[in-house]
Amino acid sequence: MSTEDRPPAPRSLAEALRARGDAALGALLRGRPDLITPVPTDLTQLATRAGTRASVVRALERLDRFALQTAEALAVAKDPATYDELLGLMAGDDADPAVVAALPHALDLLREQALAWGDDDRLRLVRTARELLAPSPQHPSPTGLGPTVQEATAGMSPGRIQEIVTTAGLASTHDSVSAVGALTGLFTDRARMAALLAEAPADSLDVLERLVWGPPYGQVTADPAPRLRWLLDRGLLLPTAPGTVVLPREVALHLRRGLAHRAPEPVPPVVEAAAVHRPQVVDSTAAGQAYTALATVEELLKDWDEGGPAVLRAGGLSVRDLKRTAVALDVPEPTAAFWVELAYAAGLLASDGEADERYAATPAYDEWLEQPAAERWSVLVTAWLAATRTAGLVGGRDAKDRTLSALGPGLDRSAAPEVRHRVLALLAGLPEGAAPAIGSVLARLRWERPLRGDRREDDLRGRLAEWALSEAELLGVTGRGALSAQGRALLGAPAAAAAVRGPEAEPSGPGDKLPVHHHRPAPPAPLSPAEQAVASAAAARLLAPLLPEPLDHVLLQADLTAVAPGPLQRPLADMLGVLADVESKGGATVYRFTPGSVRRALDAGQAASDLHAFLAAHSRTPVPQPLAYLIDDVARRHGHLRVGAASAYVRCDDDAVLSEILADKRAAGLGLRRLAPTVLAARSDPAGLLEGLRAMGFAPAAESAEGDVLITRALAHRTPPRAAPEPVPDGPPVPDDTLLSAALRAIRAGDLASTTPRKSGATPAADGELPRTGAAETLATMQAAVLTGEALWIGYVNAEGAASQRVIAPIRVEGGFVTAYDHTADEVRTYPLHRITGVAELADDAG
């Protein structure tokens, strides 16, 4: 393209955005969704919003290390700078080939994100970004560079400047401006600077060496040493305050051989494999962990079946209850906190909302139990991937130095889902069966989202990544540290592929094409809920054949125990859980039969004959005689006593038993008295009376007001229906295609209205302001436009107070309303005249 045919260079960010096509604008709005919350009225407002401090800070924090280094280099370059000047700052005199290859893409990214704009011969960093990244005494630059000669000499006396120029071997000038220019020219001339430094004493060069990579400031006394005096006399060090000197930026760049950064990082660190296992071993190990995860969550909620721990006043579990839960699950407390939080995130656990608020399983837990094992696992891992609640924070302190408790407030970290997806995507980029070196994963994540100011002690993303790796192992997403087949399916094929290849964005319209020279693989975005549901279902299908088949039998033993050599079918496991107590777990589960457990089964409505038949049907060994005797003995005494409401009463056909109860000292607290030879009345309620008599060794049964035995079935306490907690988003959500299309259309329409040439007549308005005309002039202009068919430019304020500019072609004016074809909305609309702030005719050459 010839110089004459080339479009004029943009004079502002708004003009640069106006030259983009819809695809390029859409990429900006996807990358910075805060810019369309709410939708800008036009491109000028979009550019203004893109330059606000909060938005720029957020955009800078989402850059990878090399793109951020590029922005930092632009901040210390001239404004505007050329591409060659930027390349010199990034690649240095040696022109590092890796930097040369990667810089175009980094610059394209800055342009795409509206952090930089302009052609290669006039590159500009957004003013707010330059203010954030440029060196200053209060905020040192990450480059370690100091102020320029011009900035450092701003408060220096003209006489002192002339002395420095003369001592440096330059001719004196008539004014300070030309003197500073001459000194700057000397320091940027490699040959003359080399000659000047060749004359420097060795200890003076040592001083420069200590300051060259930053910080560039140093302290001096009122009578500087000769090595410092030599540098001060020639301007190689310049005073900034009493007792403080600085190394000028031009001098530092010469000593650095042109580099703005000591170590540019154009290439992301490679994720290395620490060990390689056979894929079959990884998948089987992960499947075992997945089965253990299901059993652990089920055991946790069974333990809380009759009402779990109380909810603290501030919300969450107490430290004591977490310790009890950890003991019950036989896991460390941090792991117990993870399982509790996972059940809560999956909607299986919540508070019951009662006056004495406690945690309990939700109705969704019963539905979850009825699903096949692989589908239950899918529910857990899908909830884990999307959850922003972070169990690893439990036990830490919040900003107000309060302890963070499991299920309590303050555990949401909006970056957690993105970090989990990214960690799994990095694992997916390794060969199958390869377990990563954790240090290399953390290094890659730090490169993709570098810490501002390199705050290692506040590396939240690093901690989130470490927790993600350990939690993925607990859930069976990984096995022996390597991503399993079901873990790869969980990511979805496109996401896993993008982790290796990186997306290739193709321009789709005029104005979309930015000068792309090099593509670096970009992190894949997390899947949408619908895509994640499909991926989770695929993962469940891969996992299902690897899980052990549930058994329909146990092995009864003579010591009143039963051994389950594997997972049991749901009805068998439920019944055995009522009839016996779990004694030990592992590869095989051992159940123990006790009088209390047998009575529990009888309370649940089972008869002794039912229990005998159940054991005979599900045991591969004969029912031992001691177990049969135990069932018959408990059944013989079960229900011999009856408890009802008096407050409560006890009746029994055997008055000797009632006499025995009255004589027992342990019955004193029950407030018993004899009403009849076979009836005792009590002050305590029926539940308390039942519990007291059972503590004394009796086996009473409750009865209804009609005298029938009440069957207390093993129905667990459940909360009312509860929804799973919503993840806390990391800023505004990325707009979907429908919202993005509507936003682009509205922005284009508003921009058309605000930039369409207009005739004089309306009160001149600054960019973004509405036109102003009187009511009579507005009405007259509208009526004239109806007759001539001309289009008009109007300012309009809707019922919500939102202002906009529009281009309309009036069709009819009557009853205080104007009906017009709205060019910005591409439809016929009716506007109240009193809401039109002003009107102006379009110029004759307006399109």
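Cut-off values and rules
Residues numbered from 1 in each chain as written. Predicted model: local features only at pLDDT ≥ 70, side-chain atom pairs only at ≥ 80, totals over all residues. Heavy atoms only, no water. Helix = DSSP H or I, 4+ residues; strand = E, 2+ residues; numbered from the N terminus. Contact = heavy atoms within 4.5 Å. Areas by Shrake-Rupley, 256 points an atom, 1.4 Å probe, with all protein chains shown as cover. Buried < 20%, exposed > 50% of the residue type's maximum accessible area, 1.4 Å probe, protein only. Polar contact = N/O pair within 3.5 Å; in protein donor to acceptor, adjacent residues only side chain to side chain. Axes fitted to C-alpha atoms, helices over the stretch in contact; angles between N-to-C directions. Parallel < 35°, antiparallel > 145°, perpendicular 65-115°, else oblique. Salt bridge = Lys/Arg side-chain N within 4 Å of Asp/Glu carboxyl O. Core = buried A, V, L, I, M, F, W, Y, C linked by side-chain atoms within 4.5 Å. Pairing = 2+ DSSP bridges. 1 Å grid on protein atoms, 1.4 Å probe; cavity = no way out; pocket = protein on both sides within 12 Å on 5 of 7 lines; lining within 4 Å. Points joined across faces, edges and corners; volume = space filled by probe spheres on them. Nonpolar A, V, L, I, M, F, W, Y, C, P; charged D, E, K, R; others polar. Phe/Tyr/Trp six-rings, centres within 6.5 Å; stacked < 30°, edge-to-face > 60°. Arc of directions from axis to C-beta.

Caption draft 1: Inspection of the overall build of the chain at higher detail. If you tally the helices and strands in the chain, you get 34 helices and 25 strands. Taking the contacts inside the chain whose residues are at least 6 apart along the sequence as the reference set, 66% of them involve residues at least 24 apart. Here the chain has roughly 40,400 Å² of accessible surface; of this, 54% comes from carbon and sulfur atoms.

Caption draft 2: Molecular detail of unusual backbone geometry. In this chain, Asp79 is followed by Pro80 through a cis amide linkage whose omega measures 0 degrees. Within the secondary structure, Pro80 sits in the loop between helix 5 (65-76) and helix 6 (83-91). Across the junction of Gly214 and Pro215, the peptide omega takes the value -5 degrees, indicating a cis bond. In this structure, Leu407 is a non-glycine residue whose phi angle is positive, near 65 degrees.

Caption draft 3: Just helix 14 (residues 226-233), in detail. Along helix 14, the residues classified as buried are Leu228, Trp230, Leu231 and Leu232. Contact partners of the buried residues in helix 14: helix 10 (158-167), helix 12 (190-198), helix 13 (202-211), strand 4 (238-241) and strand 5 (244-246). Gly235 occupies a position one or two residues after helix 14 and carries a positive phi of about 75 degrees.

Caption draft 4: The arrangement of the side chain of Arg111 in detail. Note that Arg111 resides in helix 7 (residues 97-112). A distance of 2.9 Å separates the side chain of Arg111 from the backbone oxygen of Gly118, its partner in a polar contact.

Caption draft 5: Representation of the packing of helix 11 (residues 176-187) against helix 12 in the model. Look at helix 11 against helix 12: their axes get within 6 Å of each other, and the N-to-C directions meet at 85 degrees. In terms of orientation, helix 11 lies roughly perpendicular with respect to helix 12. Taking contact as the criterion, the partners of Gly185, Leu186 and Phe187 in helix 11 are, on helix 12, Arg192, Met193 and Leu196.

Caption draft 6: Fine view of the pattern of salt bridges. Taken as a whole and judged by the stated rule, the model has 35 salt bridges. For Arg806, the salt bridge is made with Asp822, and the minimal N-O distance between the two is 3.1 Å. Of this pair, Arg806 sits in strand 22 (residues 803-814) while Asp822 sits in strand 23 (residues 817-822), placing them 16 residues apart in sequence. The pair formed by Arg806 and Asp822 is uniform in burial state, with each residue classed as buried. It is possible to trace a salt-bridge network through shared partners that takes in Arg160, Glu163, Arg229 and Asp233.

Caption draft 7: Main features of the nonpolar core. By size, the foremost hydrophobic cluster in this structure holds 91 residues, and its most contacted members are Leu74, Phe187, Leu236 and Leu237. For this core, the leading source of residues is helix 5, giving 8 residues. Those residues within four positions of Phe187 in sequence are excluded, and the remaining contacts are Val149, Met193, Leu196, Arg234, Gly235, Leu236, Glu250, Val251 and His254. Formed by 72 residues, the second largest nonpolar core is a distinct cluster that contains Ala361, Leu380, Leu464 and Ala489.

Caption draft 8: Representation of the sheet that holds strand 21 (residues 792-797) within the structure. Spatial ordering of the open sheet is given by 24-23-22-21-25, a layout of 5 strands whose pairing is antiparallel. The open sheet is flanked by strand 24 (827-832) and strand 25 (836-841), the only strands paired with a single partner. Taking the axes of each pair of neighbouring strands and ignoring which way they run, one obtains an average angle of 45 degrees across the sheet. Both strand 21 and strand 25 contribute to a ladder of 5 bridges, which runs antiparallel.

Caption draft 9: The sheet that holds strand 14 (residues 581-584), seen in detail. Read across the sheet, 4 strands follow the order 12-13-15-14 without closing on themselves; strand pairing throughout is antiparallel. On the outer flanks of this sheet lie strand 12 (555-557) and strand 14, each paired with one strand and no other. Along the sheet, successive strands turn relative to each other by an average axial angle of 30 degrees, direction set aside. Of the pairings in the sheet, the one linking strand 13 (residues 561-564) to strand 15 (residues 589-592) comprises 4 bridges and is antiparallel in character. Paired with Thr561 across the bridge in strand 15 is Arg592.

Caption draft 10: Main features of empty space enclosed by the protein. With the rule as written, the count across this model stands at 3 cavities of 30 Å³ or more. Here the largest cavity defines a volume of roughly 130 Å³. Trp384, Arg389, Ala391, Arg420 and Glu471 are the residues nearest the centre of the largest cavity, which is lined by 15 residues in total. Where the lining of the largest cavity is concerned, the elements lending two or more residues are helix 18 (333-345), helix 21 (416-428) and helix 23 (460-475). Its residues placed into classes, the lining of the largest cavity shows 10 nonpolar, 1 polar and 4 charged.

Caption draft 11: Representation of the packing of aromatic side chains in the model. Overall, the coordinates contain 4 aromatic pairs when judged by the stated rule. Geometrically, the ring pair formed by Phe338 and Trp339 is tilted, given 5.0 Å between the ring centres and 55 degrees between the ring planes. Phe338 sits in the buried class, given a relative accessible area of 5%. Ring geometry for Tyr796 and Tyr831: centres 4.8 Å apart, planes at 70 degrees, overall edge-to-face. Highlighted residues: Tyr796 in strand 21 and Tyr831 in strand 24, separated in sequence by 35 residues. Residue Tyr831 is classed as buried on the basis of its relative accessible area of 3%.

Caption draft 12: Quick look at helix 3 (residues 43-50). Considered for burial, the residues of helix 3 that qualify are Leu43, Leu46, Ala47, Arg49 and Ala50. Projected onto a plane normal to the axis of helix 3, the buried residues spread over an arc of 165 degrees and lie on a single side.

Caption draft 13: Spotlight on the environment of Leu186. By the element assignment, Leu186 lies in helix 11. The class for Leu186 is buried, based on a relative accessible area of 4%. Along the primary structure Leu186 and Val251 are separated by 65 residues, whereas in three dimensions their C-alpha atoms are 9.5 Å apart. Excluding residues within four positions of it along the chain, Leu186 makes contact with Ala168, Leu170, Arg192, Met193 and Leu196.

Caption draft 14: Looking closely at the environment of Leu568. With respect to the helices and strands, Leu568 occurs in the loop between strand 13 and helix 27 (570-579). Exposure remark for Leu568: the relative accessible area of 13% places this residue in the buried category. Between the C-alpha atoms of Leu568 and Pro550, which are 18 residues apart in sequence, the distance is 4.7 Å. Excluding its chain neighbours within four sequence positions, the residues that come into contact with Leu568 are Pro550, Leu551, His553, Val554, Ala573, Leu576 and Tyr591.

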